[in-house]
Amino acid sequence: MIKPFEKPIYVTRPFLPPFDGFCEELKEIWESQWLTNNGPILRRFSDLLSRFFDTDNICLFNNGTLALQIALQGMEISGEVITTPFSFVATTHALLWNKIRPVFVDIEPDYYTLDPEKVESAITPLTSAILAVHVYGHPCQINSLSDIAKKHNLKLIYDSAHAFGVKIGNRSIADFGDLNLFSLHATKLYHSLEGGMLIFKQTRLKNTFNYLKNFGFKNELEVVMVGTNAKMNEIQALMGIQVLRYLEEIIQRRSKLSEVYRRRLVEIPGIRLVPAMSADIMYNYAYMPIEVDEREFRLSRDALYEKLKHWNIFGRRYFYPLICDYACYRSISVENPLTVARRAADRILTLPIYDSLQISDVERICEVIRLIHLGENAR
Ligand SMILES: *Cc1c(COP(=O)(O)O)cnc(C)c1O
């Protein structure tokens, strides 16, 4: 007889490094009394990430949203940008903050990333860039998007907020496109409390980004740009350094949980899983999305979502509604059909996955989903 969880199981919980070790290294900050403004720990963090991603073209920020806003401004993107409606709102908010018009294009049905076949027909003389999202950490169709960007002389920007640690072949996901945005927010699989990071191809952008995140200061007396304040502080950097030590463990742990989910859920009628990825992709298991087929499962995604709450299981309907359906986007016309995105938004539920979740918890969650399908014990 299966019981509800005693404590709520949320879709994610942040990874925390051992408390004593964190305090030990905090002492350095107390001693230096250097809390922010390109401090020694931030520089150490930046060096570590440079080695991790094998590039010096890296810039850290206090969060991912401001990093993306600054990226678009620094790259002088304007006019229209082709993007996906199936993402977190910050992706397109960053466009609007730069007075850029988002042109929403549909996604493909397997991994929910921007559909390259639909991108090309959405290009107009005003298009300056493609902003694609490696949603759930699933790599976009990188080769096709690169070809289109090259052919039409567009910048190719990736919102890689979900994709830290993902590799294709032996190359980091950050190797592709003109620029990659990573969010290091506490809810992401790798984090620095809050934080953002840009990795980019053009070396000259580094100065621009550094100016823009620090009010435009070039030195004590010169302000060369109307910048903002988007600097990462020392405690964020310390968290980033410490969590990075556990990245492999975090991904391995998630991979195990995902395997259990897949093994159990594949047996339940009406639950569709993301297809296995090609062998050259090293995935990070950032999310655990499932699609609910109402007819076969006998209940809608929303009904499952509600019923799970009675068992103390809190999935999330990422990403519902579509960005273009939020009130603040309704004035932006959507010219392309978004059939696949709408279907995904109506059917997807992301299930809890995080390193401290137990295998037995995952087994219990799957058993609850099975019971809900059978209408037994339906709470
Ligand atoms: C989290 C997230 C962001 C924003 O990052 P913050 O660090 O929270 O500002 C941007 N895009 C996507 C897809 C995200 O999930």
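In what follows, the accompanying structure is described.

Criteria and cut-off values
Residues numbered from 1 in each chain as written. Predicted model: local features only at pLDDT ≥ 70, side-chain atom pairs only at ≥ 80, totals over all residues. Heavy atoms only, no water. Phe/Tyr/Trp six-rings, centres within 6.5 Å; stacked < 30°, edge-to-face > 60°. Lys NZ or Arg CZ within 6 Å of the ring centre and 35° of its normal. 1 Å grid on protein atoms, 1.4 Å probe; cavity = no way out; pocket = protein on both sides within 12 Å on 5 of 7 lines; lining within 4 Å. Points joined across faces, edges and corners; volume = space filled by probe spheres on them. Helix = DSSP H or I, 4+ residues; strand = E, 2+ residues; numbered from the N terminus. Nonpolar A, V, L, I, M, F, W, Y, C, P; charged D, E, K, R; others polar. Axes fitted to C-alpha atoms, helices over the stretch in contact; angles between N-to-C directions. Parallel < 35°, antiparallel > 145°, perpendicular 65-115°, else oblique. Left-handed = near helix turned anticlockwise from the far one by under 90°. Contact = heavy atoms within 4.5 Å.

**Things to note about the packing of aromatic side chains**
For the coordinates displayed, the defined rule picks out 20 aromatic pairs. Aromatic rings pair up to connect Phe 86, Tyr 112, Tyr 136, Tyr 287, Tyr 318 and Phe 319 into one cluster. One residue, Lys 188, lies across the ring of Phe 88, its end atom 5.8 Å from the ring centre.

**Regarding the layout of surface pockets**
The gaps of empty space that remain are located by a probe, the size of a water molecule, rolled over the atoms. Of the volumes computed, that of the largest pocket is approximately 580 Å³. In terms of lining residues, the largest pocket is bounded by 30 residues, among which Phe 88, Val 89, Lys 188, Tyr 318 and Phe 319 are the most central. Among the elements that take part in the lining of the largest pocket, helix H3 (residues 64–74) stands out by supplying three residues, more than any other. Partitioned by chemical class, the residues of the lining of the largest pocket number 15 nonpolar, ten polar and five charged. Computed from the structure, the second largest pocket encloses a volume of approximately 450 Å³. Lining the second largest pocket are 23 residues; nearest its centre among them are Asn 38, Leu 42, Arg 43, Asn 210 and Lys 213.

**Re the packing of H3 against helix H4 (residues 90–97)**
What describes two packed helices is the angle between their axes and the distance between those same axes. Direction vectors running N to C along H3 and H4 enclose 40°, while the axes themselves pass 9 Å from each other. By the angle between their axes, H3 is oblique relative to H4. Pair H3 / H4 crosses with right-handed handedness. Listed contacts from H4 to Thr 65, Leu 68, Gln 69 and Leu 72 of H3 are Ala 90, Thr 91, Ala 94, Leu 95 and Trp 97. Here the residues of the contact of H3 with H4 sort into six nonpolar, three polar and no charged.

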